[in-house]
Amino acid sequence: MARTFRAISILTCGIGLMLSTLACAEDLKPIDLPKPRTEGGMPLMEALKARKTSRSYSSKKLPEQVLSDLLWAAWGVNRPGSGKRTAPSAVNWQEIDVYVALEEGVYLYDAKANRLEPVLAKDIRAMTGTQSFVKDAPVNLVYVADLTRMRGASDKDKVFYSAADTGFISQNVYLYCASEGLATVVRGLVNRPALKNALNLRADQEIILAQSVGYPRESE
Ligand SMILES: Cc1cc2nc3c(=O)[nH]c(=O)nc-3n(C[C@H](O)[C@H](O)[C@H](O)COP(=O)(O)O)c2cc1C
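Structure report, in brief.

The rules behind each value
- Residues numbered from 1 in each chain as written.
- Predicted model: local features only at pLDDT ≥ 70, side-chain atom pairs only at ≥ 80, totals over all residues.
- Helix = DSSP H or I, 4+ residues; strand = E, 2+ residues; numbered from the N terminus.
- Buried ≥ 20, exposed ≤ 12 C-beta atoms within 10 Å, placed from the backbone.
- Pairing = 2+ DSSP bridges.
- Contact = placed C-beta atoms within 7 Å.
- Axes fitted to C-alpha atoms, helices over the stretch in contact; angles between N-to-C directions.
- Expected span 1.5 Å × (residues − 1).

### Overview of the overall build of the chain
- When you go through the chain residue by residue, the secondary structure sums to five helices and nine strands.
- Helices (α) and strands (β) of the chain occur, in sequence order from the N terminus, as α-β-α-α-β-β-β-β-β-β-α-β-α-β.
- Considering the chain as a whole, with its 220 residues, one finds that 35% of them fall into the buried category.

This is how it looks when you write it as structure tokens:
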């Protein structure tokens, strides 16, 4: 069944490619991330002292190990028994998905499998924000709330809690970056309708914030 679905989707993608320059997820391969290094790093108080926003990025890519560590720090599973994560979430809804925009395309972080699932084989980093430095950052994270997971919440609560839950993930990224000497900025300046369209998101998925990560530009 899964094989049939994949065959149909590859076929659809192929036809799409013939008709246009559509970039399909099938053009990207899943990435099994190396096991995150969950020890070491800077002492917490020193990381808090170093935490800051940076808007100037080197184009140097992050090694896969660093990407794995970053994503685990952000929103990885830190208690495999319960499947709970490095950031809290209201009612343990775990409604935030982290999309990872790299030069080669966009992936979805599967925290449980420690894997990046292909979403789009296209460099849309510039589209994850409205500021000129965004395209330079090798990694742009996009925090997307899947509202269907927030069972029992009113529309107002969905907006409030998905924003609050994203804040914790973003701060984890800030602290990891401080610890590793990486540059980062969380961003609300996002053209959400355009990005939502580019990522092919459903109506019940909402883009909350984006966050650029990379090595600081030498001159900084
Ligand atoms: C929710 C939120 C949205 C933000 N949006 C942007 C943004 O779109 N672009 C940007 O350059 N900085 C953005 N920032 C970063 C703030 O400007 C920055 O945190 C603030 O100037 C304080 O600097 P610091 O983080 O170094 O303490 C945002 C911060 C937060 C918390």
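### Quick notes on unusual backbone geometry
- Even without glycine at this site, Asn-92 takes up a positive phi of about 50°.
- Along the chain, the position of Asn-92 falls in the loop between β3 (84–85) and β4 (96–102).
- Overall, the presence of 12 C-beta atoms within 10 Å leaves Asn-92 in the exposed class.
- Within the chain, Asn-114 stands out as a residue other than glycine whose phi angle is a positive 50°.

### Section: the sheet that holds strand β6 (residues 115–120)
- Strand order in the open sheet formed by seven strands is β1-β6-β5-β4-β7-β9-β8, and the pairing between neighbours is antiparallel. Pairing within the sheet leaves two strands with one partner each, and these edge strands are β1 (31–32) and β8 (183–187).
- Those strands touched by helix α4 (residues 155–180) are β4, β7 (139–146), β8 and β9 (205–214), and its axis lies near 10° from that of β9.

### Quick look at the pairing of β8
- Of all five residues in β8, four are buried, a share of seventy percent or more.
- Direction of pairing for β8 relative to β9: antiparallel, over a ladder of five bridges. By the bridge assignment for β9, Thr-184 is matched with Val-213.

### Topic: helix α3 (residues 64–75)
- End to end, α3 covers 16 Å across twelve residues, agreeing with the expected 16 Å (1.5 Å per residue, within 8%).
- Burial runs high along α3: nine of the twelve residues are buried.
- Within α3, the full set of buried residues consists of Leu-67, Ser-68, Asp-69, Leu-70, Leu-71, Trp-72, Ala-73, Ala-74 and Trp-75.
- Tucked into the core, α3 has its buried residues touching β3, β4, β5 (105–110), β7, α4 and β9.

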